[in-house]
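A structural walkthrough
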Amino acid sequence: MPINRSNNQLVNQIKKEREANKLLEDEIKSANKIVNNYEKGVVEEDDEVKEVFDDIQKYKIMIGYEDVHGSGILIEINDLYDDFFYFTDEQVLFEKKELLMFIINSLKLGGADAIAINDLRFTNHTEIEVAGNHFEINGTSTNTPFAIKAIGNQDNLYEVVKNLVDDSMFDIKITKEEDIVIPKANKTIEYKYAEPVLNSKR
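Now for a quick tour of the structure. Just so you know, these numbers come straight off a predicted model, no measurement behind them.

Ordered in space as β3-β2-β7-β1-β8, the five strands form an open sheet in which the pairing is antiparallel. Edge positions in the sheet fall to β3 (120–122) and β8 (170–182), since each has one partner strand and no second. On average, each strand axis in the sheet is tilted by 25° relative to the strand beside it, whichever way the strands run. Lying over the sheet, helix α5 (residues 154–161) contacts β1 (68–79), β7 (146–151) and β8, oriented at roughly 20° with respect to β1.

Structure follows, in structure tokens:
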């Protein structure tokens, strides 16, 4: 089979897969909207149900299953120079990962309610891995520039990361924001081995 023909078939297949994924996403959004409307109707009629619903919403936010917004800080990280080695040198990539992990851990210590890197929600199940000349976060490829959003007490969050602006390898800017939007996680958590304990006596 000629290479061009093979490539065209592959492109068409990818296009079909994307279109199918888009249809599924639209169906999921439509179904979620119906469920949300139903939940709201039930909650408005029963105070006990409302209490349970509020708890569910709280836990969904904690594990990253809900879009959230609120005041917090924005950390913007750019390569200090427009240099190829920022994307190819293994040591620089390692430095980037170390920087990201330091920031995430610092924001957690600062009491952040929600964190995202380039709009990729960071949860307890998120891994940041170097893959070639980029990073994989929740199955999505990304690299600098990084925009790290954190929702929480602005002063506390700023205090734990303010010294980052002195970094000698990257251009880092930190701003306090009144309304930050952080999307829900794009990757579903799967539990392969853990199961709930039924009829626990504790």
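A complete count under the given rule lists one aromatic pair for this structure. Aromatic side chains Phe135 and Phe146 sit 6.0 Å apart centroid to centroid with 65° between the ring planes, which places their arrangement in the edge-to-face category. Of this pair, Phe135 sits in strand β5 (residues 134–137) while Phe146 sits in strand β7, and the two are 11 residues apart along the sequence. When the ring centre of Tyr158 is taken as origin, the NZ or CZ atom of Lys176, which lies over that ring, is 5.4 Å away.

Another aspect to go through is the pattern of salt bridges. This structure, assessed with the given rule, holds five salt bridges. For Glu129, the salt bridge is made with Lys97, and the minimal N-O distance between the two is 3.6 Å. Remark: Lys97 occurs in helix α4 (residues 90–109) and Glu129 occurs in strand β4 (residues 128–131); sequence separation between them is 32 residues. Residues Glu159 and Lys162 are paired through a salt bridge, measuring 2.9 Å at the closest nitrogen-oxygen approach.

Strand pairing in a sheet relies on backbone hydrogen bonds, with the paired strands running either antiparallel or parallel. On the basis of which strands lie adjacent, the open sheet formed by three strands has the order β4-β5-β6 and antiparallel pairing. Each edge of the open sheet carries a strand with a single partner, namely β4 and β6 (140–142). Sheet twist, expressed as the average angle between the axes of neighbouring strands with direction ignored, equals 35°. The pairing of β4 with β5 spans four bridges and is antiparallel. By the bridge assignment for β5, Glu129 is matched with Glu136.

So, on to the pairing of β1. Put simply, side chains in a regular strand alternate between the two faces of the sheet. With 11 bridges connecting them, β1 and β8 associate as antiparallel partners. For Ile75, the partnering residue across the bridge sits in β8 and is Ile174. With six bridges connecting them, β1 and β7 associate as antiparallel partners. Residue pairing for β7: Leu74 is matched across the bridge by Lys149.

Criteria and thresholds
Residues numbered from 1 in each chain as written. Predicted model: local features only at pLDDT ≥ 70, side-chain atom pairs only at ≥ 80, totals over all residues. Heavy atoms only, no water. Pairing = 2+ DSSP bridges. Helix = DSSP H or I, 4+ residues; strand = E, 2+ residues; numbered from the N terminus. Axes fitted to C-alpha atoms, helices over the stretch in contact; angles between N-to-C directions. Contact = heavy atoms within 4.5 Å. Phe/Tyr/Trp six-rings, centres within 6.5 Å; stacked < 30°, edge-to-face > 60°. Lys NZ or Arg CZ within 6 Å of the ring centre and 35° of its normal. Salt bridge = Lys/Arg side-chain N within 4 Å of Asp/Glu carboxyl O.

Purely geometric numbers; function is a separate question.
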